Amino acid sequence: MAGLIGKKIGMTSIFSAEGKNIPCTVLQVGPCVVTQIKTKENDGYEAIQVAYGNKKERKTNSPMNGHFKKAKTSPKRKLVEFSNFKKKYKLGDTITVDIFKDDVFVDVTGISKGKGFQGVVKRHGFHGVGESTHGQHNRLRAPGSIGASSDPSRVFKGMRMAGRTGGDRVKVLNLKLIKIIFEQNLLIVKGSVPGSKGSYIIIEK
Amino acid sequence: MDLIKVTENAFKKEIDFPKFGSGDTITVSYRIKEGSKERTQNYRGVVIQRKGTGATETFTVRKISGGVGVERIFPLYSPAIEDVKINKRGKVRRARIYYLRELRGKKARIKERRF
């Protein structure tokens with residue numbers, strides 16, 4: 001799918017024409033630079049690699065520096081491949097938010113906020129014991145049984161338990177596009193987007 | 001410039017009612033939809049706080065209705081707000097006058113500010 005790389009700016013709310021208060025997220029999208037064009041003959045598939053976010057040349061290793069020099073651009077932080085663009089692009093071209101002009105919905109991928117080590121109630125949506133009295137003591141948010149006894153004599157793989165939560169790659173589908181502000185490369189979508197403010201995100205049509 | 005502000009300015013509605021703060025007694029004219037009919041409701045009370053910044057700013061108005069305290073939160077830039085009239089300017093020492101919730105009757109009065 002065609003798309004671009006961007007940054008999450010933050011959330012705000014706006015009033016729709018009907019007077020409803022709509023929560024929305026502001027994303028800064030592109031402009032991204034085309035750093036590689038993958039073709040069927042060379043790579044076995046068709047795709048366009050785009051780059052976003054400036055980085056110091058001193059902090060970039062020399063193979064990557066060479067890669068960016070080929071596209072005649074400064075080193076970038078994020079590289080992502082997309083395909084099925086409407087227009088044909090050459091090496092070194094910039095792609096802006098204009099590509100979302102005719103779209104109603106977009107998909108947004110990001111890295112969700114890390115929550116640390118969390119119990120099963122927060123991590124998997126377990127309901128806990130359900131009662132705080134009737135003989136319960138410190139078991140309010142406990143997972144309960146994790147399996148039978150001597151048969152099978154083990155805990156099944158994939159059993160949902162407590163552990164590190166968040167910090168995963170999450171994709172949110174079909175967020176409604178509310179507005180595009182072309183001067184600042186801003187995309188305003190309805191609803192929330194994974195990740196913290198300033199984190200990198202991938203926006204696809 | 002702050003990009004959130006850029007976004008909010010793109011949708012901004014001009015407000016044409018006077019500035020008010022906590023302690024002021026105001027009347028909010030609020031448009032209400034009932035089925036297909038629309039009418040305006042006046043809500044009069046004391047502003048106990050203003051909260052938030054930019055497009056998400058809200059204010060809370062408290063009044064005593066039938067002996068029961070009622071608090072209503074209005075978004076400042078809501079298109080349903082037709083008008084805000086200031087009835088009385090109050091003299092208060094803090095921005096959020098939550099202490100008013102514990103006071104009843106004569107004690108819940110706020111001194112008027114004279115200019």
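Structure: see above.
What this report covers is the structure whose coordinates are included nearby. (Residues numbered from 1 in each chain as written. Chains lettered and ligands numbered in written order. Predicted model: local features only at pLDDT ≥ 70, side-chain atom pairs only at ≥ 80, totals over all residues. Heavy atoms only, no water.)

1. Some remarks on the interface of chain B and chain A
Quoted interface sizes are often the accessible area lost when the parts come together.
No. 1: At the junction of the two partners, chain B supplies 13 residues and chain A supplies 17 residues.
No. 2: Of the roughly 1,200 Å² buried where chain B meets chain A, counting both sides, 80% is carbon and sulfur surface.
No. 3: Sorting the residues of chain B by area buried against chain A places Leu-3, Ile-4 and Phe-11 of chain B first, and these three jointly supply 43% of that buried surface.
No. 4: Taken together, the links from chain B to chain A amount to zero salt bridges.
No. 5: One can count one residue pair in polar contact (both at pLDDT 80 or more) joining chain B with chain A.
No. 6: For the side of chain B that touches chain A, the residue count by class is nine nonpolar, three polar and one charged. (Contact = heavy atoms within 4.5 Å. Buried area = accessible area lost by both parts, 1.4 Å probe. Salt bridge = Lys/Arg side-chain N within 4 Å of Asp/Glu carboxyl O. Polar contact = N/O pair within 3.5 Å; in protein donor to acceptor, adjacent residues only side chain to side chain. Nonpolar A, V, L, I, M, F, W, Y, C, P; charged D, E, K, R; others polar.)

2. A closer look at helix H2 (residues 62-70) of chain A
Residue and element names in this part refer to chain A.
No. 1: The set of residues buried in H2 consists of Asn-65, His-67 and Phe-68. Along the axis of H2, the buried positions cluster into a sector of 160°, meaning they face one direction only. Along H2, exposed side chains directed more than 90 degrees from the buried face belong to Ser-62, Pro-63, Lys-69 and Lys-70.
No. 2: In this structure, the buried residues of H2 make contact with strand S3 (32-38), strand S4 (47-54) and strand S5 (76-82).
No. 3: Directly after H2, the chain includes Lys-72, whose backbone phi takes a positive value near 55°. (Buried < 20%, exposed > 50% of the residue type's maximum accessible area, 1.4 Å probe, protein only. Helix = DSSP H or I, 4+ residues; strand = E, 2+ residues; numbered from the N terminus. Arc of directions from axis to C-beta.)

3. Focus on unusual backbone geometry
Residues and elements named next belong to chain A.
No. 1: For the bond from Asp-151 to Pro-152, the omega torsion is 20°, close enough to zero to count as cis.
No. 2: In the Ramachandran plot, Lys-72 falls in the positive-phi region, its phi being about 55° despite a non-glycine side chain.
No. 3: Note that Lys-72 resides in the loop between H2 and S5.
No. 4: Of note, the phi angle at Asn-174 is positive, near 55°, even though the residue is not glycine.
No. 5: By the element assignment, Asn-174 lies in strand S10 (residues 169-181).
No. 6: Look at Asn-174 and you get exposed, because its relative accessible area is 53%.

4. Some remarks on a positive patch on the surface
No. 1: Taken together, the side chains of Lys-113, Lys-115, Lys-122, Arg-141 and Lys-197 of chain A present a region of like positive charge at the surface.
No. 2: Following the sequence through the fold, Lys-115 of chain A ends up in the loop between strand S7 (105-111) and strand S8 (116-118). (Patch = residues over 30% accessible without salt bridge, like charges linked within 9 Å, V, L, I, M, F, W, Y side chains within 5 Å. Areas by Shrake-Rupley, 256 points an atom, 1.4 Å probe, with all protein chains shown as cover. Lys, Arg positive; Asp, Glu negative; His and termini not counted. Charge placed at Lys NZ, Arg CZ, Asp CG, Glu CD.)

5. Some words on the side chain of Ser-22 of chain B
Residues and elements named next belong to chain B.
No. 1: With respect to the secondary-structure elements, Ser-22 resides in the loop between helix H1 (3-11) and strand S1 (25-34).
No. 2: Here Ala-95 takes part through its backbone oxygen, which lies 2.9 Å from a polar atom of the side chain of Ser-22.
No. 3: Filtering out sequence-adjacent residues up to four positions away, Ser-22 remains in contact with Val-47, Ile-48, Gln-49, Val-92, Arg-94, Ala-95, Arg-96 and Ile-97.

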